[in-house]
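Analysis of the macromolecular model
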Amino acid sequence: MIPRIETINEKKLVGKRMTMSYAHYRIGELWGSFMPRRKEITNALTNDLISLVIYAPNHFIDFKPTNQFERWATVEVENFNKVPNEMETYNLSSGLYAVFNYKGMSSGAAAFFQYIYSEWVPNSEYILDDRAHFEVLDEKYKNNDPSSEEEIWIPIKAK
């Protein structure tokens, strides 16, 4: 599993957010509240969905399933001129990312992420950067389908 390394420019995102932990994972609730209202975002740049996570700087150093983080359900937009009620904006910082392609059921994702954080990152020439992590869910993403595909973007910087 070799990722591609890519630098992105800043992205403007609009969506909904929720605080959760892996012990009390509420991603279904988050996306369930966002998807019925997604079409209210009229200035989206693509049809892709972006599932974003903001971790505390020590999240992986002192990892516990009860560590809280902020999860966002978003789309990328041209600007913040048309933000629907009860939705928020997020500026995704530019920077370097390791981009992994994941194919399979969401039930297998935990092992995939475990590989990234416990094997790939420590054995690479990079360390995690303190920026948002995200997944891009495009037309190949099919929720809970073995043929589903998504991109996993991990923020990195040189060691």
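I will try to describe carefully the structure that is included in this document.

Looking now at the side chain of Arg 37. The residue Arg 37 is located in the loop between helix H1 (27-34) and strand E3 (49-54) in this model. Residue Arg 37 is classed as buried on the basis of its relative accessible area of 17%. Setting aside chain neighbours within four positions, we find Arg 37 in contact with Lys 16, Pro 84, Asn 85, Glu 86 and Met 87.

It is worth spelling out the layout of surface pockets at this point. In this model, the largest pocket occupies a volume close to 920 Å³. Tyr 22, Tyr 25, Arg 71, Ala 109 and Phe 113 are the residues nearest the centre of the largest pocket, which is lined by 31 residues in total. Of all the secondary-structure elements, those providing two or more residues to the lining of the largest pocket are H1, E3, helix H2 (109-123), strand E8 (133-137) and strand E9 (149-158). For the lining of the largest pocket, the leading source of residues is H2, giving seven residues.

Here is what the cut-offs are and how they apply
- Residues numbered from 1 in each chain as written.
- Predicted model: local features only at pLDDT ≥ 70, side-chain atom pairs only at ≥ 80, totals over all residues.
- Heavy atoms only, no water.
- Helix = DSSP H or I, 4+ residues; strand = E, 2+ residues; numbered from the N terminus.
- Buried < 20%, exposed > 50% of the residue type's maximum accessible area, 1.4 Å probe, protein only.
- Contact = heavy atoms within 4.5 Å.
- 1 Å grid on protein atoms, 1.4 Å probe; cavity = no way out; pocket = protein on both sides within 12 Å on 5 of 7 lines; lining within 4 Å.
- Points joined across faces, edges and corners; volume = space filled by probe spheres on them.

Scope: geometric values only; no functional claims are made or implied.
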